[in-house]
Amino acid sequence: MNIRRFVAGACLGVTALLAVVGGAQAQQDITRIIVPFPAGGGTDVYVRLLASELPRHGMQVIVENKPGASGIVAAEYVAHAKPDGRTVLLSSLGILANNIALYDKLPYDPQKDFAPVTQIAYQPAIIVGRPDLPYHNIKEMVEYAKKNPGKINRGSPGATILTALAPLSFEQKEGFRTTHIPFNGDSPALLAVLSGTIDIDGTSITGPLPYIRSGKMRVLGVMDTKRLPQVPDAPTFKEQGYDVQAQLWYSLSVPAGTPRAAIDRLNKAVNEVLVDPQFVEKARAIGMEPRGSTPEQLAQFIKAESDRWLPILEALNLPKQH
């Protein structure tokens with residue numbers, strides 16, 4: 001055998017093997033953030049913004065959308081993923097608490113199947129509507145709803161999401177009712193407002209902000225104690241005489257059993273991004289307020305929010321979903 005050909009062939013084989021090993025290693029180093037909402041919605045936009053900054057902090061991240069069943073599809077997927085820190089769930093109150101009260105049975109345990117990593121953002125819930133509606137704010141809407149029972153169709157990104165439950169609790173307290181039409185995510189609900197399929201929508205400011213600025217939607221009320229800087233003319237519920245506060249918040253969770261070193265690595269990288277002035281400016285431009293935490297702080301926060309909202313859900317006496 002020609003020794004030169006043998007050596008050349010061996011070198012090519014080693015090179016090919018190294019390329020395969022290197023490619024596999026690179027694939028293993030990719031962290032996936034699983035978003036339980038469709039692509040294009042406000043939360044999805046924010047998570048992709050966050051993911052785009054993480055490579056500068058030593059992490060290669062891709063975002064995957066797995067919408068459906070009020071976050072259950074994504075939550076089940078992550079709950080049963082390998083606990084190596086590479087599969088991360090975008091979590092919320094609905095996934096980690098509310099679904100317990102609203103479903104007969106869940107394919108995951110919100111309290112046992114996940115380990116907290118960090119908070120990433122919050123924003124108040126709002127009600128938006130078309131500009132041609134016969135009411136221009138929440139107070140006028142309540143008066144109209146009481147005089148015209150069943151005439152208002154209210155959308156939401158999902159039946160168990162805070163932007164659906166907070167308006168429902170408000171309706172029960174004030175003695176009126178709209179017809180609730182849940183959608184599979186924020187974007188479909190907003191498109192339904194634009195098309196006239198529904199009248200109002202419980203949402204956050206991120207998704208509808210372009211439509212508000214173009215005059216295609218208006219904010220009827222902000223569920224917070226202060227107005228939003230993005231829409232300073234939009235009144236709060238409190239200004240209109242209603243003591244209503246509801247914050248949407250977002251966090252990252254990983255499968256239970258994930259090594260603490262992997263959690264700390266992700267926590268460190270994400271929190272470095274969240275305090276970067278340029279990132280904060282970009283986040284606020286789309287209506288998000290970045291907020292980080294330690295895993296322990298997130299665990300305490302989730303418990304406090306669960307203790308607050310689960311009794312409200314029980315008072316609503318909603319039928320269990322299957």
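Residues numbered from 1 in each chain as written. Predicted model: local features only at pLDDT ≥ 70, side-chain atom pairs only at ≥ 80, totals over all residues. Heavy atoms only, no water.

### Some points on the overall build of the protein chain
Across its full length, the protein chain holds eleven helices and eleven strands. Burial status across the protein chain gives 50% buried among its 322 residues. A separation threshold of at least 6 residues defines the contact pool for the protein chain, and within that pool the share at least 24 residues apart is 77%. Charged side chains in the protein chain number 33 positive and 30 negative. The centres of these two groups are separated by 4 Å. (Helix = DSSP H or I, 4+ residues; strand = E, 2+ residues; numbered from the N terminus. Buried < 20%, exposed > 50% of the residue type's maximum accessible area, 1.4 Å probe, protein only. Contact = heavy atoms within 4.5 Å. Lys, Arg positive; Asp, Glu negative; His and termini not counted. Charge placed at Lys NZ, Arg CZ, Asp CG, Glu CD.)

### What to know about the packing of helix α6 (residues 162-174) against helix α11 (residues 295-316)
Where α6 contacts α11, the two axes come as close as 10 Å, and the packing angle between them is 55 degrees. In terms of their interaxial angle, α6 and α11 are classed as oblique. Note that α6 runs across α11; the crossing there is left-handed. On α11, the residues that touch Leu162, Leu165, Ala166, Leu168, Ser169 and Gln172 of α6 are Trp309, Ile312, Leu313, Ala315 and Leu316. (Axes fitted to C-alpha atoms, helices over the stretch in contact; angles between N-to-C directions. Parallel < 35°, antiparallel > 145°, perpendicular 65-115°, else oblique. Left-handed = near helix turned anticlockwise from the far one by under 90°.)

### Structural notes on the pairing of strand β7 (residues 179-182)
Pairing between strand β6 (residues 153-156) and β7: four bridges, direction parallel. Looking across to β7, one finds that Asn153 is bridged to Thr179. Handedness of the crossover joining β6 and β7 through α6: right-handed. (Pairing = 2+ DSSP bridges. Right-handed = clockwise from strand over helix to strand, strands pointing away.)

### Overview of the pairing of strand β10 (residues 247-255)
The buried count for β10 comes to eight of nine residues, which makes it a mostly enclosed element. Of the pairings in the sheet, the one linking strand β3 (residues 87-91) to β10 comprises three bridges and is antiparallel in character. Its bridge partner lying in β10, Leu89 is registered against Ser253. Where strand β4 (residues 114-124) and β10 come together, nine bridges link them in antiparallel fashion. Opposite Ala115, over in β10, you have Val254 as the bridge partner.

### Focus on the packing of helix α2 (residues 42-53) against helix α9 (residues 260-274)
Axis separation between α2 and α9 bottoms out at 10 Å; the angle between their running directions is 105 degrees. With respect to their mutual orientation, α2 and α9 come out roughly perpendicular. Across from Tyr46, Leu50 and Glu53 in α2, the residues of α9 making contact are Val270, Val273 and Leu274.

### Focus: helix α10 (residues 277-285)
Among the residues of α10, Phe279, Val280 and Ala283 are the ones counted as buried. Along the axis of α10, the buried positions cluster into a sector of 100 degrees, meaning they face one direction only. Exposed side chains of α10 directed beyond 90 degrees from the buried face belong to Pro277, Gln278 and Glu281. On the buried face of α10, the contacting elements are α2, α9 and β11 (289-290). Backbone geometry just after α10 places Gly287 at a positive phi near 90 degrees. (Arc of directions from axis to C-beta.)

### Details of the side chain of Ser156
Its location among the elements puts Ser156 in strand β6. Residue class for Ser156 comes out buried when judged on its relative accessible area of 0%.

### Observations regarding the sheet that holds strand β2 (residues 60-65)
Strand order in the open sheet formed by six strands is β2-β1-β3-β10-β4-β11, and the pairing between neighbours is mixed. Two strands bound the open sheet, and with one partner strand each, they are β2 and β11. Against the sheet, α11 makes contact with β4 and β10, and its axis sits at roughly 65 degrees relative to β4, the strand it touches most.

### A few points about the environment of Arg291
Take Arg291: it is sitting in the loop between β11 and α11. Take Arg291: its relative accessible area is 23%, and that puts it in the partly exposed class. Sequence separation of Arg291 and Lys66 is 225 residues, and the distance between their C-alpha atoms is 24 Å. Look past the residues within four positions of Arg291 in its chain and what remains in contact with it is Gln119, Ile120, Ala121, Tyr122, Gln247, Trp249, Leu274 and Phe301.

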